[in-house]
Amino acid sequence: MERLIDLHGVALEEFDRRVRQVRLTDWALPTPCADWDVHDLVDHLTTEQLWVPSLLAGATVEEVGDRFDGDVLGEEPLAVWEIAAREARAAWLAPSALGRTVHLSFGDAPGELYLWQMTFDLAVHAWDLARALGADEALDPDLVAELHDWARRQDLGPGPMFDPPVPVGEGVGTQERLLALTGRAP
């Protein structure tokens, strides 16, 4: 489980690095996520981080309610992201966080599964943000390998979260294979 905690830290850093590259004129740029611009993408990941402390403390989705609905970024998007990321990371580092039962929108789940999902989302959206910004799209190779192994065992879609997987050729790298599982054509 310590390995998963470390992977989460790497994924958080990958996304954070790209958020710090967003310039004032970049917030309306389109992303590979069909309905989201850069602002929407960063808002989505920030909102996800804001949920973590409450959910790991045992709150239900109903108890959290609409606290994080709407635009959470406000006038200081980088500062809000930094605080949300820091607080989420601290919650994950708490003793026994991975052993807790988390009350998610689809039902109760082990904290470990929730952390895999959060790590996966951070990494894939780090790539989305890099693509939107024209920044370096390469993700940490160890993170990509671990997430690819995990994702191949999951039912990722198609559905509301991801497009259907896209086919990839023989000589394609692990990062491209990982992204293809989510319907992204690198």
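The rules behind the values
- Residues numbered from 1 in each chain as written.
- Predicted model: local features only at pLDDT ≥ 70, side-chain atom pairs only at ≥ 80, totals over all residues.
- Heavy atoms only, no water.
- Helix = DSSP H or I, 4+ residues; strand = E, 2+ residues; numbered from the N terminus.
- Polar contact = N/O pair within 3.5 Å; in protein donor to acceptor, adjacent residues only side chain to side chain.
- Pairing = 2+ DSSP bridges.
- Axes fitted to C-alpha atoms, helices over the stretch in contact; angles between N-to-C directions.
- Parallel < 35°, antiparallel > 145°, perpendicular 65-115°, else oblique.
- Left-handed = near helix turned anticlockwise from the far one by under 90°.
- Contact = heavy atoms within 4.5 Å.
- Nonpolar A, V, L, I, M, F, W, Y, C, P; charged D, E, K, R; others polar.
- Salt bridge = Lys/Arg side-chain N within 4 Å of Asp/Glu carboxyl O.
- Buried < 20%, exposed > 50% of the residue type's maximum accessible area, 1.4 Å probe, protein only.
- Phe/Tyr/Trp six-rings, centres within 6.5 Å; stacked < 30°, edge-to-face > 60°.
- pLDDT = per-residue confidence, 0-100.
- Expected span 1.5 Å × (residues − 1).
- Arc of directions from axis to C-beta.

(A) Up close: the side chain of Arg184. Position of Arg184 among the secondary structure elements: in the segment after helix H7 (174–181). At a separation of 2.8 Å, a polar atom in the side chain of Arg184 contacts the side chain of Thr182.

(B) Representation of the pairing of strand E2 (residues 107–110) within the structure. Here four bridges tie strand E1 (residues 101–104) to E2, and the two strands are oriented antiparallel to one another. Considered in E2, the bridge of Thr101 is made with Pro110.

(C) The arrangement of the packing of helix H5 (residues 111–133) against helix H6 (residues 141–152) in detail. Contact pair H5 / H6: the axes reach a minimum separation of 11 Å and the direction vectors enclose 125°. On the basis of the axis angle, H5 is oblique to H6. Of the two elements, H5 crosses H6, and the hand of that crossing is left-handed. Note on element contacts: H6 touches H5 through Leu143, Glu146, Leu147, Trp150 and Ala151, opposite Leu113, Trp116, Gln117, Thr119, Phe120 and Ala123. Of the residues that constitute the contact of H5 with H6, the class distribution is eight nonpolar, two polar and one charged.

(D) Here's a closer look at the pattern of salt bridges. For the structure shown, the criterion picks out ten salt bridges. Between Glu14 and Arg18 there is a salt bridge; the shortest N-O distance is 2.4 Å. Of this pair, Glu14 and Arg18 both sit in helix H1 (residues 2–19), separated by four residues, roughly a single helical turn. Of the two residues examined, Glu14 and Arg18, each falls in the buried class. Linking Glu87 and Arg86 is a salt bridge whose minimum nitrogen-to-oxygen distance equals 3.3 Å. The network of salt bridges with common partners includes Glu14, Arg17 and Arg18.

(E) Seen up close, the packing of aromatic side chains. A complete count under the given rule lists five aromatic pairs for this structure. With 5.0 Å between their ring centres and 65° between their planes, Phe15 and Trp81 make a pair best called edge-to-face. Of this pair, Phe15 sits in helix H1 while Trp81 sits in helix H4 (residues 77–93); the two residues are 66 residues apart in sequence, bridging distant segments of the chain. On the basis of relative accessible area, Phe15 is assigned to the buried category, the value being 0%. Between Phe120 and Trp150, the aromatic rings sit 5.7 Å apart at their centres with planes inclined by 55°, giving tilted as the arrangement. Of this pair, Phe120 sits in helix H5 while Trp150 sits in helix H6, and the two are 30 residues apart along the sequence.

(F) Representation of the confidence of the model for the protein. Of all residues in the protein, 96% attain a pLDDT of 70 or more, and the chain-wide mean is 92. Element-level mean pLDDT values for the protein span from 88 in helix H3 (residues 61–64) up to 98 in H4.

(G) How the structure looks around the pairing of E1. Side-chain alternation along E1 places Val102 and Leu104 on a buried face and Thr101 and His103 on a face that remains uncovered. Hairpin remark: E1 followed by E2, antiparallel, with two residues in the connecting loop.

(H) Main features of H4. Taking 1.5 Å per residue as the helical rise, H4 with its 17 residues ought to reach 24 Å, and the 24 Å between its terminal C-alpha atoms agrees with that figure. Among the residues of H4, those classed as buried are Pro77, Trp81, Ala84, Ala85, Ala88, Arg89, Ala91 and Trp92. Looking down the long axis of H4, one finds its buried residues gathered within 155° of arc, a one-sided arrangement. Turning to H4, the residues buried within the fold contact H1, helix H2 (38–56) and H5.

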